[in-house]
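Each chain, written out:
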Amino acid sequence: MTVFTDFPLHKSVLDAIQDMGFEEPSPIQAACIPKILEGGDLIGQAQTGTGKTAAFGIPLIERLTPANKIQAIVLTPTRELAIQVAGELRRISKYKRIRTLPIYGGQSISHQIRALKQGVQVVIGTPGRVLDHLRRKTLRLENVNMLVLDEADEMLDMGFIEDIETIISHLNAERQTLLFSATMPPEIKRLAQRYMNNPSTVAVSREEVTAPLIEQVYYKVFDRNKLDSLCRILDSEDVELGIIFCRTKRGVDELTEVLQARGYLADGLHGDLSQAQRDKVMKAFREGSIEFLIATDVAARGIDVSNVSHVINYDIPQDPESYVHRIGRTGRAGRKGIAMTLVTPREMRQMVVIQKQTKAAMLSRNVPTLEEVAERKQEQLREQLISLLDNDAMAEMYLKVAADLTATYPAEKVAAAALHLAFHSESGEDGEAESYNFGETGAAKGMVRFFLNVGRNANIKPQDLVREISESVGIPGKAVGRIDIFESFTFVEVPEEVAPFVYESLRQTRINGKRINLEPAKPRGRK
Ligand code: ADP
Ligand code: MG
């Protein structure tokens, strides 16, 4: 096993990685980081979600000096990615005096010029805006000794190759060039041949992975009330033992704390615990004195407890392999098990990848409503009471109080008051708040209308669109609303509650091989 401390990294960088909660390098990171630190050119190929950003980000930050000049430039296809990569680089450089700056179209150029003047060591930009700055001579790249082309295949698809070549012509030939991509179309290989110096290639391919035969479901949730959604799901399930997965150690700690505070029998397990602490938690879990084990992938590796009834992916797994590893913790020794995955709109595409790769039949479920949870709780309460009434001798004190009260009040009311006293704590005040607001889109009531930049010219048929939407977000085809296909664009309406999921999973995908772009439509008459 490789750990981050195996790499020749400064303590400042290692500490920052620790703070990010990364337990161990992902395969692409394990392979790339030492090679990049040695200084050669490198091509890294791995699927989305495998940690390519930190694969170049860690050695990039490691090699920067505080000198007031731009030493590295990262090119990304979109503004979202530029912001995301800049954020990750900022976290890695938390303990170094390094400034990062994302520059992208759509943001005021004078603001960026001002920020550049203050001195930055690394810029992350989209090709168009970087070129803009080069033409205005507001960006000086003569000291750049590292160029990263991130998501190169996406940049190719978006027609940025010429821009990239122009940018490269401004760079020092002595630089180190890194290229990361999920796929390697011939144009990207050609780009690498022309502009890279004897690059080594790291490809993390994936083996066929097949998920075991257990029931698999996913819930569409929103970041803002993910925790409440989890609690409702837990409350409406008959859990014998459950393992809840989080992506990072910090995530484990945070979730453990809130679940404990809400009265769940839960404890956390991650790589930072001592062997004695781990043993203690595992013993409690095996004995059933805790009902939920909250763990990272690494910590849960090799756990073999036979009566785990539920595996819950609170954070979606990084890749199909880890999905398969995680859910393999249930359904052991021939018992039944269920795997549940919480998916936020942004993670919808990752979910589709996992589903395709593992060929799993995953059903989409709705988070239980408060009423459903209440009903389920009533049932559980009734069962508990019946077993008390049937089996246990009541304490003398309780019997006496009950006898006194039933002399004055109806027995039914006395019992209800006692239940209220014992169980009243929750109130259902959490709203269904979510952060997507598509505004007025000219849709029918309860629906959201989207605009697609392709139409008959891409040979799109209503049934293609219905299939794509129903498969990728798990709604029945008939739930898709009105579809209007024109020569070069299309409108489609979908139910409000799944609109964010449709938006995140379909924008920038392909239909009939054609890249589509999807946006909320403008109200009619204003298009
Ligand atoms: P890619 O560029 O390959 O699509 P990203 O670099 O965006 O993937 O990483 C996906 C997610 O995984 C990010 O949230 C990132 O913070 C997280 N991540 C990356 N490396 C690790 C790691 N070693 N341990 C835990 N999480 C990681
Ligand atoms: Mg990436």
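Parameters at a glance
Residues numbered from 1 in each chain as written. Chains lettered and ligands numbered in written order. Predicted model: local features only at pLDDT ≥ 70, side-chain atom pairs only at ≥ 80, totals over all residues. Heavy atoms only, no water. Helix = DSSP H or I, 4+ residues; strand = E, 2+ residues; numbered from the N terminus. Contact = heavy atoms within 4.5 Å. Areas by Shrake-Rupley, 256 points an atom, 1.4 Å probe, with all protein chains shown as cover. Lys, Arg positive; Asp, Glu negative; His and termini not counted. Charge placed at Lys NZ, Arg CZ, Asp CG, Glu CD. Buried < 20%, exposed > 50% of the residue type's maximum accessible area, 1.4 Å probe, protein only. Pairing = 2+ DSSP bridges. Axes fitted to C-alpha atoms, helices over the stretch in contact; angles between N-to-C directions. Phe/Tyr/Trp six-rings, centres within 6.5 Å; stacked < 30°, edge-to-face > 60°. Expected span 1.5 Å × (residues − 1). Arc of directions from axis to C-beta. Near = heavy atom within 4 Å. Polar contact = N/O pair within 3.5 Å; in protein donor to acceptor, adjacent residues only side chain to side chain. Nonpolar A, V, L, I, M, F, W, Y, C, P; charged D, E, K, R; others polar. Right-handed = clockwise from strand over helix to strand, strands pointing away. Salt bridge = Lys/Arg side-chain N within 4 Å of Asp/Glu carboxyl O.

Draft legend 1. Fine view of the overall build of the protein chain. For the protein chain, the count of helices and strands is 20 helices and 20 strands. Overall size of the protein chain, expressed as C-alpha extent along the three principal axes, is 95 × 65 × 45 Å. A fraction of 77% describes how many contacts in the protein chain between residues 6 or more apart in sequence connect residues 24 or more apart. By element, 50% of the accessible surface of the protein chain is carried by carbon and sulfur atoms, the whole surface being about 26700 Å². Across the protein chain, the centroid of the 67 positively charged side chains sits 8 Å from that of the 71 negatively charged ones.

Draft legend 2. Structural view of the environment of tyrosine 264. Tracing the sequence through the fold places tyrosine 264 in the loop between α11 (249-261) and β10 (266-269). Taking the relative accessible area as the measure of exposure, tyrosine 264 reaches 15% and is therefore buried. Not counting residues up to four positions away in its chain, the partners in contact with tyrosine 264 are Cys231, Leu234, Asp235, Leu259 and Phe292.

Draft legend 3. Expanded view of the sheet that holds strand β8 (residues 215-220). Strands sit in the order β10-β11-β9-β12-β13-β8-β14 across an open sheet of 7 strands; the sheet is parallel. Edge positions in the open sheet fall to β10 and β14 (363-365), since each of these has one partner strand only. Between one strand and the next, the sheet's axes are offset by a mean angle of 25°, whatever the strand orientation. Of the strands in this sheet, β8, β9 (242-245), β11 (292-295), β12 (310-313) and β13 (338-343) are in contact with helix α10 (residues 226-235), which crosses β13 at around 160°.

Draft legend 4. Inspection of the packing of aromatic side chains at higher detail. What the rule picks out here adds up to 12 aromatic pairs. Here phenylalanine 438 and tyrosine 503 contribute two aromatic rings whose centre-to-centre distance is 5.4 Å and whose plane-to-plane angle is 70°, an arrangement assigned as edge-to-face. One end of the pair, phenylalanine 438, is in the loop between α18 (411-423) and β15 (447-452); the other, tyrosine 503, is in helix α20 (residues 499-506), with 65 residues separating them in the sequence. Since its relative accessible area comes to 16%, phenylalanine 438 is described here as buried. On the basis of relative accessible area, tyrosine 503 is assigned to the buried category, the value being 17%. Between phenylalanine 450 and tyrosine 503, the aromatic rings sit 6.0 Å apart at their centres with planes inclined by 10°, giving stacked as the arrangement.

Draft legend 5. Representation of helix α12 (residues 275-287). Here α12 is 13 residues long and its end C-alpha atoms lie 18 Å apart, about the 18 Å a rise of 1.5 Å per residue gives. Every buried residue belonging to α12 is among Val281, Met282, Ala284 and Phe285, and all of these are buried. End-on, the buried residues of α12 take up no more than an arc of 160°, which puts them together on one face. Along α12, the residues that are exposed and aim more than 90 degrees away from the buried face are Gln275, Ala276, Lys280, Lys283 and Glu287. Tucked into the core, α12 has its buried residues touching β9, β10 and β11. Glycine 288, located one to two residues past α12, shows a positive phi value of around 80°.

Draft legend 6. Structural detail: the site of ligand 1. Around ligand 1, 17 residues are found, and the nearest of them are Glu24, Gln29, Gly49, Lys52 and Thr53. Within the side chain of glutamine 29, a nitrogen or oxygen atom sits 2.8 Å from a nitrogen atom of ligand 1. Within the side chain of lysine 52, one N or O atom sits 2.9 Å away from an oxygen atom of ligand 1. About the coverage of ligand 1: the protein hides 84% of its 570 Å² of free accessible area. In terms of residue class, the shell around ligand 1 is built from 3 nonpolar, 9 polar and 5 charged.

Draft legend 7. Examining the pairing of strand β4 (residues 122-125) more closely. The side-chain alternation of β4 yields two buried faces, one formed by Val122 and Ile124 and the other by Val123 and Gly125. Direction of pairing for strand β3 (residues 100-103) relative to β4: parallel, over a ladder of 4 bridges. When the sheet's bridge partners are listed, threonine 100 is paired in β4 with valine 122. Read from β3 through helix α5 (residues 109-117) to β4, the crossover connection turns out right-handed.

Draft legend 8. View of the pattern of salt bridges. Scanning all chains against the criterion turns up 20 salt bridges. One salt bridge connects lysine 94 with aspartate 19, and the closest N-O pair in it is separated by 2.6 Å. Of this pair, lysine 94 sits in the loop between α4 (79-92) and β3 while aspartate 19 sits in helix α1 (residues 11-20), and the two are 75 residues apart along the sequence. For lysine 94, a relative accessible area of 49% gives the class partly exposed. For glutamate 165, the salt bridge goes to arginine 194, with nearest N and O atoms at 3.4 Å. With glutamate 165 in helix α8 (residues 161-169) and arginine 194 in helix α9 (residues 186-195), the pair connects residues that are 29 residues apart, well separated along the chain.

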